[in-house]
Amino acid sequence: MHKKIIIAIDGFASCGKSTLAKQLAAKLEYIYIDSGAMYRAVMLYFLENNIDINNQDSVQKGLREAVITFKFNPETRTNEVCLNGKNVEKEIREMRVSQRVSELSKIKEVRLAMVRIQKAIGANKGIVMDGRDIGTVVFPQAELKIFLTADFDERVRRRFDDLLNRGITASREEIAQNLQERDVIDTTRKESPLLKADDAIELNNTFLSPDEQLEMVYSLAMEKTGVQV
Ligand code: CDP
């Protein structure tokens, strides 16, 4: 049995982070956690309960009420996010959530609450987590950090197809605008903005297939675990 490591995958919206993270975790038999799904689930709770994200007391109350957990789905072989026990994997991808989630993610208390859960899930290593601040804040000690990038048009195309597959309709224009807005908020916010960790490996996957990017990162992971491939 080789030593288990932590793999952090960060990058802009819709760069293929979760595709890579999911496949990598399956291949390594690691846990996969989509940290963005947690922020999305909290946003969903706030939307459904008319909680004002600009009111500190309401935010604190909302954070206490919105219990975020993950449940392993043997069919998809991934951990799916649950909000107060209910699987919300589909709802959290809707545009109404995408449109507000980055505003919510700017708030320090929200980040502290999510990061606490994320650190606890990764305490035993053997985990692949994707997001914005995984290599910088959640797991600065991660043995392997990947910073994914892709051309903007390709990112829009991927998100459009992804939503279509999930049965969610949104126009290309709407998606492009949302990705752009979230990138700006995520990179310029005060609390743990999206940035490449000094020791992260940058990978532009615009012209890579999912299998190609998986092979590349899998080899890097094997180097880190001390296994020759
Ligand atoms: O749409 P995409 O899959 O690229 O984003 P996501 O991973 O679902 O994350 C949704 C939003 O949550 C991001 O745009 C960020 O505002 C926020 N987020 C964050 O602040 N920190 C993370 N570690 C993950 C997501």
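An account of the accompanying structure is given in this report.

Thresholds, definitions, all that
Residues numbered from 1 in each chain as written. Predicted model: local features only at pLDDT ≥ 70, side-chain atom pairs only at ≥ 80, totals over all residues. Heavy atoms only, no water. Near = heavy atom within 4 Å. Polar contact = N/O pair within 3.5 Å; in protein donor to acceptor, adjacent residues only side chain to side chain. Areas by Shrake-Rupley, 256 points an atom, 1.4 Å probe, with all protein chains shown as cover. Helix = DSSP H or I, 4+ residues; strand = E, 2+ residues; numbered from the N terminus. Nonpolar A, V, L, I, M, F, W, Y, C, P; charged D, E, K, R; others polar. Phe/Tyr/Trp six-rings, centres within 6.5 Å; stacked < 30°, edge-to-face > 60°. Buried < 20%, exposed > 50% of the residue type's maximum accessible area, 1.4 Å probe, protein only. Salt bridge = Lys/Arg side-chain N within 4 Å of Asp/Glu carboxyl O. Pairing = 2+ DSSP bridges. Contact = heavy atoms within 4.5 Å.

Within the structure, the ligand sits among 19 residues, and Ser 14, Arg 40, Arg 111, Asp 186 and Arg 189 are positioned closest to it. Ser 35 is positioned such that a nitrogen or oxygen atom in its side chain is 2.9 Å from a nitrogen atom of the ligand. In the complex, the protein chains occlude 96% of the 520 Å² of accessible area that the ligand would expose alone. For the shell around the ligand, the elements supplying multiple residues, two or more each, are α2 (35–48), α4 (95–104) and α8 (172–188). The leading source of residues in the shell around the ligand is α2, at 4 residues. Residue composition of the shell around the ligand, grouped by class: 4 nonpolar, 6 polar and 9 charged.

The next subject is the packing of aromatic side chains. This model, assessed by the stated rule, comprises 1 aromatic pair. Each ring, one from Phe 12 and one from Phe 147, has its centre 6.0 Å from the other, and the planes form 80°; the classification is edge-to-face. Residue Phe 12 is found in the loop between β1 (6–11) and α1 (17–28), and its partner Phe 147 is found in strand β7 (residues 144–149); the two are separated by 135 residues along the sequence. A relative accessible area of 24% places Phe 12 in the partly exposed class.

Below, the discussion takes up the pattern of salt bridges. Throughout the structure, instances matching the rule amount to 19 salt bridges. We note a salt bridge from Lys 86 to Glu 91, for which the minimum N-O separation is 2.8 Å. The class for Lys 86 is partly exposed, based on a relative accessible area of 48%. By sharing partners, the salt bridges in this structure join Glu 154, Arg 157, Arg 158 and Asp 161 into a single network.

The next subject is the pairing of strand β6 (residues 127–131). The buried fraction of β6 is high, at 5 of 5 residues. Of the two faces of β6, the one carrying Ile 127, Met 129 and Gly 131 and the one carrying Val 128 and Asp 130 are both buried. As paired elements, β1 and β6 share 5 bridges and run parallel to each other. Its bridge partner being in β6, Asp 10 is matched across the sheet by Gly 131. As defined by bridge partners, strand β2 (residues 31–34) adjoins β6 across 4 bridges and the pair is classed as parallel. By the bridge assignment, Asp 34 is partnered in β6 with Asp 130.

With that out of the way, let us pick up the side chain of Arg 111. Position of Arg 111 relative to the elements: it lies in helix α5 (residues 108–121). Apart from residues no more than four positions distant in its own chain, Arg 111 is found in contact with Tyr 39, Ser 105, Asp 133, Arg 189, Glu 191 and Ser 192.

A separate point is the side chain of Ser 105. On the secondary structure map, Ser 105 appears in the loop between α4 and α5. Classification of Ser 105 by relative accessible area gives buried; the value is 7%. Within the local environment of Ser 105, its side chain forms a polar contact with the backbone oxygen of Val 101, the two atoms lying 2.7 Å apart. With residues near it in sequence (within four places) discarded, Ser 105 still touches Tyr 39, Arg 111 and Arg 189.

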